[in-house]
Amino acid sequence: MFRTLVALAVFGFGFVASEKAPLAADFYAGKTVILTASSDPGAAGYDMYVRLLGRHIADHIPGKPTIVVQNEAGGGGLRIAQVIYAIAEKDGTRVGNLRASNMLDSILGIRGTEIDPNKFAWIGNMASDTDMCSFWHTSEVRTFQDLLDREVIIGASGKGAQNYQFPSAMNKVLGTKMKIVVGYKGAADRVVAMERGELQGNCGINASTVNSSWPDQVAKGILLPVVQSGLKPYSAFPNVPLTQSFAKTDDDRRILVAIFSQMEIARTLAAPPGTPADRVTILRSAFMAALKDPALIEDAQKLRLDLDPSDGESVAKVIAEMASLSPDLKKKVREAIGE
């Protein structure tokens, strides 16, 4: 009798498990999945990457749901982080493109403190990147030393944005003399302002965006990349020096690396906290499969978008490392980025 009961129990468990697995796999049939970019439609960078993924990921999700790409600009990316964290449906049908700069702000207690970056269901990262400081050919800025020797005017959207925080850190930690003028909506606006002579340069356009959107200006020597901020050089600009290479002390280098480490997860996507684990698993698997899809890779090459994908677990690890900064280092980072 005992053996019979055990056999029935095992059989029953197996029956339940076999019933649950198809439910998870079939959930997306007939559904619509919304991918949200943290910028305006048509904006270089974030929007381009999200739309690239949106064209291909359905082929790798069981049930092939309809993919709709939406845009949620605001607060330098903070708006969509708030939406995904607290408002969006937690059923696996909402995924947002979150900016690492907003996650670091939350960790430092600057803004978005209602968000716990460790609680997002991280789906993956499409590419690492660097933040490029580039200058118009009439600015007379050719090297990093020029930024130490003379004041130059650059543009930014606002104090909470990467395009403000990175040059602020360079000014305060390394002694550069960039005058940061806020109020520019996006990267394209700042490039136009350089063309007009209103700005001399810009820090805050990702190297991938410079490479995809203004390759002719770079090739002709009109737009000059001078220094890049990240943990490793961007593939298209291997000879442009890294900002932290100019640090004079180990402490200064630690501050800069803590800030620039966010560029390792420059194109991340996440589902809301509380999304069912089986659907997170499906989305993570589909994400990595899509990034290996020859059709997506070919599409990315046409758009001059580099890919350097990492999975959701890897993104979560980077976020956890950012969150583990010591209180002393957090204070120094806050001071460096202008907070």
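Residues numbered from 1 in each chain as written. Predicted model: local features only at pLDDT ≥ 70, side-chain atom pairs only at ≥ 80, totals over all residues. Heavy atoms only, no water.

Participant: Even after reading the chapter, I still don't get the overall build of the protein, so can you show me in this structure?
Facilitator: For the protein, the helix and strand inventory stands at 14 helices and eleven strands. In terms of overall dimensions, the protein is globule-like: its C-alpha atoms have a radius of gyration of 22 Å, near the 20 Å expected for 339 residues. Each principal axis of the C-alpha atoms in the protein carries an extent, and together these give about 90 × 45 × 35 Å. For the protein, buried positions account for 52% of its 339 residues. Within the protein, contacts between residues separated by at least 24 positions form 77% of all contacts whose residues are at least 6 apart in sequence. Taken as a whole, the protein presents about 14700 Å² of accessible surface, with 54% of it coming from carbon and sulfur. If you average the places of the 37 positive and of the 37 negative side-chain charges in the protein, the two averages end up 2 Å apart. (Helix = DSSP H or I, 4+ residues; strand = E, 2+ residues; numbered from the N terminus. Rg over C-alpha atoms; globule rule 2.2 N^0.38 Å. Buried < 20%, exposed > 50% of the residue type's maximum accessible area, 1.4 Å probe, protein only. Contact = heavy atoms within 4.5 Å. Areas by Shrake-Rupley, 256 points an atom, 1.4 Å probe, with all protein chains shown as cover. Lys, Arg positive; Asp, Glu negative; His and termini not counted. Charge placed at Lys NZ, Arg CZ, Asp CG, Glu CD.)

Participant: Is there a simple way to explain the packing of helix α6 (residues 162–174) against helix α10 (residues 250–260) in this structure?
Facilitator: Their axes nearest at 11 Å, the elements α6 and α10 cross at an angle of 175°. Taken together, α6 and α10 sit at an angle that is classed as roughly antiparallel. Residue-level inspection shows Phe-166, Ala-169, Val-173 and Leu-174 of α6 in contact with α10, the latter providing Asp-252, Ile-255, Leu-256, Ile-259 and Phe-260. Considering only residue class, the contact of α6 with α10 consists of eight nonpolar, no polar and one charged. (Axes fitted to C-alpha atoms, helices over the stretch in contact; angles between N-to-C directions. Parallel < 35°, antiparallel > 145°, perpendicular 65-115°, else oblique. Nonpolar A, V, L, I, M, F, W, Y, C, P; charged D, E, K, R; others polar.)

Participant: How should I be thinking about the sheet that holds strand β10 (residues 268–271) in this particular structure?
Facilitator: Two modes of strand pairing occur in sheets, parallel and antiparallel, and in both the strands are linked by backbone hydrogen bonds. Spatial strand order, β2-β1-β3-β10-β4-β11: six strands in an open sheet with mixed pairing. Looking along the sheet, the strands with just one partner apiece sit at the ends: β2 (66–71) and β11 (310–311). Both strand β4 (residues 121–125) and β10 contribute to a ladder of four bridges, which runs antiparallel. The residue bridging Ala-121 from the neighbouring strand is Ala-271, located in β10. Against the sheet, helix α3 (residues 78–87) makes contact with β1 (32–37), β3 (94–98) and β10, and its axis sits at roughly 150° relative to β3, the strand it touches most. (Pairing = 2+ DSSP bridges.)

Participant: How should I be thinking about the layout of surface pockets in this particular structure?
Facilitator: Gaps left between atoms show up when a probe the size of a water molecule is rolled over them. Quantified by volume, the largest pocket comes out at close to 740 Å³. If you go around the largest pocket, you meet 35 residues; those closest to its centre are Ser-39, Arg-99, Lys-185, Gly-186 and Ala-187. For the lining of the largest pocket, the secondary structure elements donating two or more residues are α6, α7 (187–196) and β8 (201–206). Top element by residues in the lining of the largest pocket is α7. It accounts for four residues. For the lining of the largest pocket, the class distribution of residues is eleven nonpolar, 17 polar and seven charged. (1 Å grid on protein atoms, 1.4 Å probe; cavity = no way out; pocket = protein on both sides within 12 Å on 5 of 7 lines; lining within 4 Å. Points joined across faces, edges and corners; volume = space filled by probe spheres on them.)

Participant: Please clarify how the pairing of β3 should be interpreted in this entry.
Facilitator: A regular strand places its side chains so that they alternate between the two faces of the sheet. With five of five residues buried, β3 is to be regarded as a mostly interior element. Every second residue of β3 is oriented toward a common face, with Arg-94, Gly-96 and Leu-98 on one face and Val-95 and Asn-97 on the other, all of them buried. With three bridges connecting them, β3 and β10 associate as antiparallel partners. For Gly-96, the partnering residue across the bridge sits in β10 and is Ala-270.

Participant: Would you mind going over the state of the cysteines with me for this structure?
Facilitator: Covalent bonding between the sulfur atoms of two cysteines defines a disulfide. All chains considered together, the criterion is met by one disulfide. Bridging Cys-133 to Cys-203, the disulfide has an S-S length of 1.9 Å. Between Cys-133 and Cys-203 the sulfur-sulfur dihedral comes to about 115°; the bridge is accordingly right-handed. Here Cys-203 lies in strand β8 and Cys-133 lies in strand β5 (residues 131–136), a separation of 70 residues in the sequence. (Disulfide = S-S within 2.5 Å.)

Participant: What should I look at first to understand unusual backbone geometry in this one?
Facilitator: One non-glycine residue with positive phi stands out, namely Glu-140, at about 70°. The phi angle at Arg-304 is positive, at roughly 60°, despite the residue not being glycine. Within the element layout of this structure, Arg-304 appears in the loop between α12 (294–302) and β11. With a relative accessible area of 38%, Arg-304 lands in the partly exposed category.

Participant: It is not clear to me how the nonpolar core should be interpreted in this structure. Could you clarify?
Facilitator: In globular proteins that are soluble, nonpolar side chains generally tend to be buried together. Counting 54 residues, the largest nonpolar core has Leu-98, Phe-120, Trp-122, Phe-135, Leu-147, Met-178 and Ile-259 as its most contacted members. Counting 32 residues, the second-largest nonpolar core is a separate cluster that includes Leu-35, Leu-52, Val-280 and Phe-287. (Core = buried A, V, L, I, M, F, W, Y, C linked by side-chain atoms within 4.5 Å.)

Participant: Mind showing me how you'd approach the pattern of salt bridges here?
Facilitator: Note on pairing: side chains with opposite charge can pair once their charged atoms come close. Going through the model one piece at a time under the given rule, you end up with 16 salt bridges. For Arg-111, the salt bridge identified is with Asp-105, shortest N-O distance 3.1 Å. Assessed through its relative accessible area of 23%, Arg-111 is described here as partly exposed. The salt bridge involving Asp-146 is made with Arg-150; its shortest N-O contact spans 3.5 Å. You can call Asp-146 buried: its relative accessible area is 15%. A residue is classified by how much of its surface remains accessible, and Arg-150, at 30% relative accessible area, is partly exposed. It is possible to trace a salt-bridge network through shared partners that takes in Asp-251, Arg-254, Asp-328 and Lys-332. (Salt bridge = Lys/Arg side-chain N within 4 Å of Asp/Glu carboxyl O.)

Participant: Sorry, what's going on with α10 here?
Facilitator: Helical geometry note: an α-helix holds 3.6 residues per turn, so side chains three or four residues apart project in the same direction. For α10, the complete set of buried residues consists of Ile-255, Leu-256, Ala-258, Ile-259 and Phe-260. Contact partners of the buried residues in α10: α4 (100–108), α6, β9 (223–229) and α14 (327–336).

Read these as spatial facts, not as claims about activity.
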